[in-house]
Every structure is written in C-alpha cells, then in structure tokens.
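Single-letter residue listing:
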Amino acid sequence: DLINVNEFVSKVLAPMFVSRFVLIPAPLLLVPGVGPSLFGHALVNLILADVLTNLHGFLTIVTNHAGDDVYAFDDAVKPRSGSFYVRQIVGSVNYATGTDVVDFSHGWLNYQIEHHVWPDLSMLQYQKGAPKLKAICAKHGVPYVQQSVWKRL
C-alpha cells in the first residue's frame, strides 16, 4: 500500500471531521433552550457547505485538467523551456474568461492555462495575460482550448 488506510483515517479524516462537524458547532449546545436545535442546524449547514464546496472544486479544477483533448505526458522536460510551456498549454483547458464576475465565480481557476504557464503571476493579472498568450498560441499553431464548464463535463 502507498498509504495505510487505518492510519489515514485516524490521523487525517477523523480529526478533520471531529473538528469541523463537532468542535466548531459545539459551543452552540451551550445556548439555553435552543442549543441542540442550533447545533443541528449548524451541522446541516456545515455539511451542505462542504458538499457544495467539493462539487464546485470538482467542476472547476478536475474538468479543465481531464478529457480526450487534454494531452498527458510520460516523460519530463526541463522547467521553463519551450517544451515545458507548450505542455502547460496543451495539458489544461480554460473556461469562459475576461469579466470580473465570471472570474470571481470561478475563483480565477478558469485561467488554468495561464496558471500553468505563469504559476507565480497574480490571479488578477490573468485577464491581461490571457489574450496575449492566446495570440502567441494562434501564431505558432499551439491549441489553446477554451470551453464551457458544462461542455467539459
């Protein structure tokens, strides 16, 4: 085994679940008369928030790193070389970009290509860099894939 399942559950999952779903809402139990009800409502809200966050994370991150049109590589290349940058571009996909509302709703994760090409660049600079990178790709015949989140599913 790469990791011991029992050790992972006892050292990672159990402490996370206890702290998030028991310790954080536990002080609500001290509220006279309504404590258990508040605790129950808080627990439901925490669980729903966790589920929605994980679904959003999956939609935003996994789908722009996977698909038949995303290249996967078996060998390594020198970082920050021409081959490295081409691999970053053809190994990920962007979603709709360019407006603050769209970018905020994706947490700026809709700029995966730019994120992989310029990992040290501020996410707020992606709007400026994306059109320039897209033009460079078009000039050199490098596929720059940008699609809807729903199409990527």
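Structure report, in brief. (Residues numbered from 1 in each chain as written. Predicted model: local features only at pLDDT ≥ 70, side-chain atom pairs only at ≥ 80, totals over all residues. Heavy atoms only, no water.)

1. So, the pattern of salt bridges
For step 1, the next point in the chain: Counted by the stated rule, this structure contains five salt bridges.
For step 2, the next point in the chain: A salt bridge links D69 to R152; the nearest nitrogen and oxygen atoms lie 2.8 Å apart. Separated by 83 residues along the polypeptide, D69 in the loop between α2 (35-61) and α3 (82-90) and R152 in helix α7 (residues 149-152) bring together distant segments of the chain.
For step 3, the next point in the chain: Classification of D69 by relative accessible area gives partly exposed; the value is 33%.
For step 4, the next point in the chain: Residue D75 is joined to R87 by a salt bridge in which the shortest nitrogen-to-oxygen separation is 2.7 Å. Of this pair, D75 sits in the loop between α2 and α3 while R87 sits in helix α3, placing them twelve residues apart in sequence.
For step 5, the next point in the chain: A relative accessible area of 16% means that R87 is categorised as buried. (Salt bridge = Lys/Arg side-chain N within 4 Å of Asp/Glu carboxyl O. Helix = DSSP H or I, 4+ residues; strand = E, 2+ residues; numbered from the N terminus. Buried < 20%, exposed > 50% of the residue type's maximum accessible area, 1.4 Å probe, protein only.)

2. Observations concerning the nonpolar core
For step 1, the next point in the chain: Formed by I89, V90, W108, Y111, I113, V117, Y126, A130, L133, C137, V142 and Y144, the largest nonpolar core amounts to twelve residues.
For step 2, the next point in the chain: Of all elements in the fold, only α3, α5 (112-117) and α6 (126-140) reach the threshold of two or more residues within this core.
For step 3, the next point in the chain: Considering every element that reaches this core, the biggest residue donor is α6, with four residues. (Core = buried A, V, L, I, M, F, W, Y, C linked by side-chain atoms within 4.5 Å.)

3. Section: the packing of aromatic side chains
For step 1, the next point in the chain: Counted according to the given criterion, the structure contains four aromatic pairs.
For step 2, the next point in the chain: Arranged with centres 5.3 Å apart and planes meeting at 80°, the rings of F84 and Y85 form a pair that is edge-to-face.
For step 3, the next point in the chain: Since its relative accessible area comes to 26%, Y85 is described here as partly exposed.
For step 4, the next point in the chain: Centroid distance F104 to W108: 6.1 Å. Interplanar angle 85°. Geometry classified as edge-to-face.
For step 5, the next point in the chain: You can call W108 buried: its relative accessible area is 14%. (Phe/Tyr/Trp six-rings, centres within 6.5 Å; stacked < 30°, edge-to-face > 60°.)

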